[in-house]
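# Descriptive analysis of the structure
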Amino acid sequence: MFNSTNAFRFFSMMIVLTVTTIAAIGCLGNITDSESNLQFVRHVFSMDTTYNSPDIMWRAVTAPSVHMIGFISIIIIEATLTFCGFLGLFKLAKHFNS
């Protein structure tokens, strides 16, 4: 029977599924097209399209090793979110009628 509790659980599962799917697509995209995504991370960290004002350019990060660490961190966070999201979704589905 589909009551209000089950409806709440169903829509909770749909929200978790949506967020997890977005994270999985992002992770997959970062892994399969890593060079262009790494270039984007370099672009953001370097702040190369700002106004080159000394007031804000002091926080630009130009070290390639830091760019790589940031990019790998993004992939790890997306992969962790994907794993935890699907695990949580499985547990929600398992206990749907509890």
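In short, a report on the structure. (Residues numbered from 1 in each chain as written. Predicted model: local features only at pLDDT ≥ 70, side-chain atom pairs only at ≥ 80, totals over all residues. Heavy atoms only, no water.)

### Here's the deal with the packing of helix 1 (residues 4–32) against helix 4 (residues 64–94)
Viewed as axis vectors pointing N to C, helix 1 and helix 4 meet at an angle of 150°, and their least axial separation amounts to 8 Å. It follows from the interaxial angle that helix 1 and helix 4 lie roughly antiparallel. Of the two possible hands of crossing, helix 1 and helix 4 adopt the one that is left-handed. Where helix 1 abuts helix 4, its residues M13, V16, L17, T20, A23, A24, G26, C27, N30 and I31 lie against F71, I74, I75, E78, A79, L81, T82, G85, F86, L89, L92 and A93. (Axes fitted to C-alpha atoms, helices over the stretch in contact; angles between N-to-C directions. Helix = DSSP H or I, 4+ residues; strand = E, 2+ residues; numbered from the N terminus. Parallel < 35°, antiparallel > 145°, perpendicular 65-115°, else oblique. Left-handed = near helix turned anticlockwise from the far one by under 90°. Contact = heavy atoms within 4.5 Å.)

### Topic: the nonpolar core
Counting residues in each nonpolar core, the largest one holds five residues, listed as C27, L38, V41, F71 and I75. Within the residue set of this core, elements represented by two or more residues are helix 2 (34–46) and helix 4. (Core = buried A, V, L, I, M, F, W, Y, C linked by side-chain atoms within 4.5 Å. Buried < 20%, exposed > 50% of the residue type's maximum accessible area, 1.4 Å probe, protein only.)

### Considerations on the packing of aromatic side chains
By the definition in use, this model includes one aromatic pair. Where F10 meets F11, the ring centres are 5.3 Å apart and the plane angle is 75°; that geometry is what we call edge-to-face. Residue classification places F11 among the exposed residues on the basis of a relative accessible area of 52%. (Phe/Tyr/Trp six-rings, centres within 6.5 Å; stacked < 30°, edge-to-face > 60°.)

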